[in-house]
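Single-letter residue listing:
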Amino acid sequence: QVQLVESGGGSVQAGGSLRLSCAASGYTYGSYCMGWFRQGPGKERERVATISAGSSDIYYADSVKGRFTISRDNAKNTLWLQMNSLKPEDTAMYFCATVPQTQPCRYPDYAYWGQGTQVTVSS
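Now for a description of the structure that goes with this document.

Another point: the nonpolar core. Grouped together as the largest cluster of nonpolar side chains are 28 residues, with contacts concentrated most on Met 34, Trp 36, Leu 79, Leu 81, Met 83 and Tyr 94. Among the elements of the structure, β3 (18-25), β4 (33-39), β5 (46-51), β7 (68-73), β8 (78-83), β9 (92-99) and β11 (117-122) are those that each provide at least two residues to this core. A total of four residues in this core trace back to one element, the largest contributor, which is β3. The residues contacting Tyr 94, other than those within four sequence positions of it, are Glu 6, Leu 20, Phe 37, Arg 38, Val 48, Phe 68, Leu 81, Met 83, Gly 116, Thr 117 and Val 119. Residues Phe 37, Ala 97, Val 99 and Cys 105 belong to the second largest nonpolar core, which totals six residues.

Scanning all chains against the criterion turns up two disulfides. A disulfide bridge connects Cys 22 with Cys 96, and the sulfur atoms are separated by 2.1 Å. Taking the torsion about the sulfur-sulfur bond, which here is approximately -70°, the covalent link between Cys 22 and Cys 96 counts as left-handed. Of the two residues, Cys 22 sits in strand β3 while Cys 96 sits in strand β9, which places them 74 residues apart along the sequence. Accessibility expressed as a relative area gives 0% for Cys 22, which makes it buried. The buried category is assigned to Cys 96, whose relative accessible area is 0%.

Tallied over the entire structure, the rule returns four salt bridges. A salt bridge links Arg 38 to Asp 90, with the nearest nitrogen and oxygen atoms 2.9 Å apart. Residue Arg 38 is found in strand β4, and its partner Asp 90 is found in the loop between β8 and β9; the two are separated by 52 residues along the sequence. Here Asp 90 falls in the buried class, since its relative accessible area comes to 0%. In this structure, Lys 65 and Asp 62 form a salt bridge, with 3.1 Å as the shortest nitrogen-oxygen distance. The network of salt bridges with common partners includes Arg 38, Glu 46, Arg 67 and Asp 90.

Reading the values: rules and limits
- Residues numbered from 1 in each chain as written.
- Predicted model: local features only at pLDDT ≥ 70, side-chain atom pairs only at ≥ 80, totals over all residues.
- Heavy atoms only, no water.
- Core = buried A, V, L, I, M, F, W, Y, C linked by side-chain atoms within 4.5 Å.
- Buried < 20%, exposed > 50% of the residue type's maximum accessible area, 1.4 Å probe, protein only.
- Helix = DSSP H or I, 4+ residues; strand = E, 2+ residues; numbered from the N terminus.
- Contact = heavy atoms within 4.5 Å.
- Disulfide = S-S within 2.5 Å.
- Salt bridge = Lys/Arg side-chain N within 4 Å of Asp/Glu carboxyl O.

So, in structure tokens, the structure goes:
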């Protein structure tokens, strides 16, 4: 079965950086869209970034463009999210997710989710 395990979260001051990773197993990782989502306290889930199987189709939410970078290594079954210039409004639980299609990856409903990793940004 599909398993996604996030790591790399923590507490940082505004302007700092974190690098999240997602280790995938139990499916043909290289054939699936992948994405990062987040949900802050009392807020709806937000689509942060998505990436296609071949990394040719990449989407970023306007709120993170220029600051976050999504990437993947299909040989290692790993997804990353490099987060720079962090802001307090980036504080949220960050989730790795996947959907069984290669592209497009922006709009599909993501079917499988990890447990999340907490990111807290203080001012």
